[in-house]
Amino acid sequence: MKTIVITGPSGSGKSYLSNNLSNLFFNSIVIKTDSYYRDNILIRYLSLFLYDIYDRPLSIMKNEIKNTLRSIHNKERIISSYKYDFTRRKSSQSKMNINYKEDNQFLIVEGIFAHRLDLNYQNTINIVCEEEKEICYKRRLQRDKFERGRDNIEVNKKYDKSWYLFNKNIKDYLKKYTVIRINPLDNNSYKKLVNNLKNN
């Protein structure tokens, strides 16, 4: 099973792309890094002083992500998965059954932290979603208001720092590894990506 890593700044189309690919390549598995946010006392305390804490890897359960990915690569039928409730800021754990029968199955790891995990990125298909900052901001604003219970003031306060942190920390990844850069809503780029994946 090949692993696709999809990263990009908030609002750049990562979830849109991962959903399209998982629908196209039947039975693929999607792991979203933002499902693994911590909800412990330390993070809650730090969030009072660091409004960008949820844009830093400290805020996610990297070991739990690592264990989930290891279980999938070992083809375990039942694995632990997580879901984060952004309104209540609570994490919950559940069990997921996986079918490993399909030849064209991919493991898709998606999120702003997908390029900062303990993975061998030499052996993964690395995709960075790109879009203009203003468009990303508008998408983030709409999503956070309707799905995460945040208001304009909170999104405005966080977005510039979120954009800065992502672009600062993506530089080494872009230098070290082979990366496909794509605007997920550009039809020609998307078709090229799909053909690439089909021939991989």
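Residues numbered from 1 in each chain as written. Predicted model: local features only at pLDDT ≥ 70, side-chain atom pairs only at ≥ 80, totals over all residues. Heavy atoms only, no water.

Caption draft 1: Fine view of the nonpolar core. Judged by nonpolar contacts, the single largest core of 32 residues is most densely connected at Ile29, Ile31, Tyr37, Ile72, Leu107 and Tyr173. Only β2 (29-32), α2 (41-47), α3 (62-73), β3 (78-85) and β5 (106-110) provide two or more residues apiece to this core. The contact partners of Ile29, leaving out residues within four places of it in the chain, are Met1, Ile72, Ile98, Tyr100, Gln105, Phe106, Leu107 and Ile108. Ranked by size, the runner-up nonpolar core spans 15 residues in total, among them Phe25, Cys129, Val194 and Leu197. (Core = buried A, V, L, I, M, F, W, Y, C linked by side-chain atoms within 4.5 Å. Buried < 20%, exposed > 50% of the residue type's maximum accessible area, 1.4 Å probe, protein only. Helix = DSSP H or I, 4+ residues; strand = E, 2+ residues; numbered from the N terminus. Contact = heavy atoms within 4.5 Å.)

Caption draft 2: Quick peek at the packing of aromatic side chains. A complete count under the given rule lists 12 aromatic pairs for this structure. In textbook terms, an aromatic cluster arises when at least three aromatic residues are bridged by ring pairs, as seen for Tyr37, Tyr54, Tyr84, Phe86 and Phe113. (Phe/Tyr/Trp six-rings, centres within 6.5 Å; stacked < 30°, edge-to-face > 60°.)

Caption draft 3: Helix α1 (residues 14-24), seen in detail. Turning to α1, its buried residues number three or more, namely Lys14, Leu17, Ser18, Leu21 and Ser22. Projected onto a plane normal to the axis of α1, the buried residues spread over an arc of 125 degrees and lie on a single side. The inward-facing, buried residues of α1 contact β1 (2-7), β2, β5, β6 (125-129), β7 (179-182) and α7 (187-198). (Arc of directions from axis to C-beta.)

Caption draft 4: Geometry of the side chain of Glu110. Examined against the element boundaries, Glu110 turns out to sit in strand β5. The exposure class assigned to Glu110 is buried, which follows from its relative accessible area of 2%. For Glu110, the side chain forms a polar contact with the side chain of Ser15, separated by 3.3 Å. Polar side-chain contacts of Glu110 include one of 2.8 Å to the side chain of Lys32. Once you skip the residues sitting within four places of it in the chain, Glu110 turns out to touch Ile6, Lys14, Ser15, Ser18, Ile31, Lys32 and Thr33. (Polar contact = N/O pair within 3.5 Å; in protein donor to acceptor, adjacent residues only side chain to side chain.)

Caption draft 5: Highlighting unusual backbone geometry. The phi dihedral of Asn27 is positive, around 70 degrees, even though this residue is not glycine. Non-glycine residue Lys75 carries a positive phi angle of around 60 degrees.

Caption draft 6: Region of the structure containing the pairing of β2. Alternating positions in β2 separate cleanly, Ile29 and Ile31 being buried on one face and Val30 and Lys32 remaining unburied on the opposite face. Note: β2 against β5, four bridges, orientation parallel. When the sheet's bridge partners are listed, Ile31 is paired in β5 with Val109. (Pairing = 2+ DSSP bridges.)

Caption draft 7: Expanded view of the sheet that holds β2. Pairing within the open sheet is parallel, and its five strands lie in the order β2-β5-β1-β6-β7. Edge strands, defined here as strands with exactly one partner in the open sheet, are β2 and β7. Averaged over all pairs of adjacent strands, the angle between strand axes in this sheet comes to 20 degrees, irrespective of strand direction. Pairing of β1 with β6, which is carried by four bridges, proceeds in the parallel orientation. Residue Ile6 lies in a different strand from β6, and its bridge partner there is Ile127. (Axes fitted to C-alpha atoms, helices over the stretch in contact; angles between N-to-C directions.)

Caption draft 8: Examining the pattern of salt bridges more closely. Counted by the stated rule, this structure contains five salt bridges. For Asp85, the salt bridge is made with Arg88, and the minimal N-O distance between the two is 3.7 Å. Residue Asp85 is classed as partly exposed on the basis of its relative accessible area, which comes to 28%. A salt bridge links Glu131 to Arg139, with the nearest nitrogen and oxygen atoms 3.5 Å apart. (Salt bridge = Lys/Arg side-chain N within 4 Å of Asp/Glu carboxyl O.)

Caption draft 9: Broad picture of the environment of Val5. Along the chain, Val5 falls in strand β1. Under the relative-accessibility criterion, Val5 is labelled buried at 0%. Taking the C-alpha atoms as reference points, Val5 and Ile125, 120 residues apart in sequence, are found 6.0 Å from one another. The residues contacting Val5, other than those within four sequence positions of it, are Val109, Ala114, His115, Leu119, Tyr121, Thr124, Ile125, Asn126, Ile127 and Tyr173.

Caption draft 10: Highlighting the confidence of the model for the protein. Confidence in the prediction of the protein, expressed as mean pLDDT, is 89, and 95% of residues score 70 or more. Averaged pLDDT values for the elements of the protein fall to 81 in helix α4 (residues 133-147) and rise to 97 in β6. (pLDDT = per-residue confidence, 0-100.)

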